[in-house]
Amino acid sequence: MEALLNGSLATDDEGCVFAQTRDRRVSLVWPDGYSVRGDLTSYEVVDGDGIVIAKSGEELAIGGGGGATDHSWANADCIVGDIWIVGAVSQA
């Protein structure tokens with residue numbers, strides 16, 4: 001069973017994609033093979049097959065759960081604050 005995080009995708013000046021809830025920024029750790037295409041104002045998150053999973057600014061329901069702060073992921077430079085290990089994603 002996954003927990004649920006409701007928020008929208010946003011980026012910072014470094015190009016890091018995160019979830020913005022009403023009161024906090026949550027760093028997202030996507031499954032292997034996921035990537036972002038586009039620019040800082042308009043982008044999509046795609047899975048390993050190139051299928052669009054989420055788009056910038058969309059309100060999302062992101063399944064998964066909190067993660068430990070000791071990390072060694074490829075996007076570790078983007079980790080700020082709370083961490084969410086991404087599972088299923090759907091529009092809110």
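This is a predicted model, so every value here is computed, not measured.

Student: Help me get a handle on the overall build of the chain, residues and values and all.
Tutor: Helix and strand content of the chain: 0 helices and 8 strands. The order of α-helices and β-strands along the chain, N terminus first, is β-β-β-β-β-β-β-β. In summary, the chain has a C-alpha radius of gyration of 12 Å against a globular reference of 12 Å for 92 residues, a match within 12%. Dimensions of the chain along its principal axes, counting C-alpha atoms only, are 30 × 30 × 25 Å. Counting only residues that meet the buried cut, the chain has 34% of its 92 residues in that class. Restricting the contact set of the chain to residue pairs at least 6 apart, pairs at least 24 apart contribute 49%. If you sum the accessible surface of the chain, you get close to 5500 Å²; carbon and sulfur atoms cover 47% of it.

Student: I'd like a rundown of the pattern of salt bridges, residues and numbers included.
Tutor: Under the defined criterion, the tally for this structure stands at 3 salt bridges. As a salt-bridge pair, D12 and R25 come within 3.0 Å of each other at their nearest N and O atoms. Pair noted here: D12 is in the loop between β1 (3-11) and β2 (17-20) and R25 is in strand β3 (residues 25-29), with a separation of 13 residues, a long-range link. Relative accessible area serves as the criterion here: at 22%, R25 is assigned to the partly exposed category.

Student: Got a sec to walk through the state of the cysteines? Specific residues and values, please.
Tutor: What the rule picks out here adds up to 1 disulfide. Each sulfur of the disulfide joining C16 and C78 lies 2.1 Å from the other. Its S-S torsion of about -70 degrees marks the bond between C16 and C78 as left-handed, since a negative value means left-handed. Within this pair, whereas C16 is found in the loop between β1 and β2, its partner C78 is found in the loop between β7 (59-66) and β8 (82-91), the two being separated by 62 residues in sequence.

Each value, and the rule that gives it
- Residues numbered from 1 in each chain as written.
- Predicted model: local features only at pLDDT ≥ 70, side-chain atom pairs only at ≥ 80, totals over all residues.
- Heavy atoms only, no water.
- Helix = DSSP H or I, 4+ residues; strand = E, 2+ residues; numbered from the N terminus.
- Rg over C-alpha atoms; globule rule 2.2 N^0.38 Å.
- Buried < 20%, exposed > 50% of the residue type's maximum accessible area, 1.4 Å probe, protein only.
- Contact = heavy atoms within 4.5 Å.
- Areas by Shrake-Rupley, 256 points an atom, 1.4 Å probe, with all protein chains shown as cover.
- Salt bridge = Lys/Arg side-chain N within 4 Å of Asp/Glu carboxyl O.
- Disulfide = S-S within 2.5 Å.

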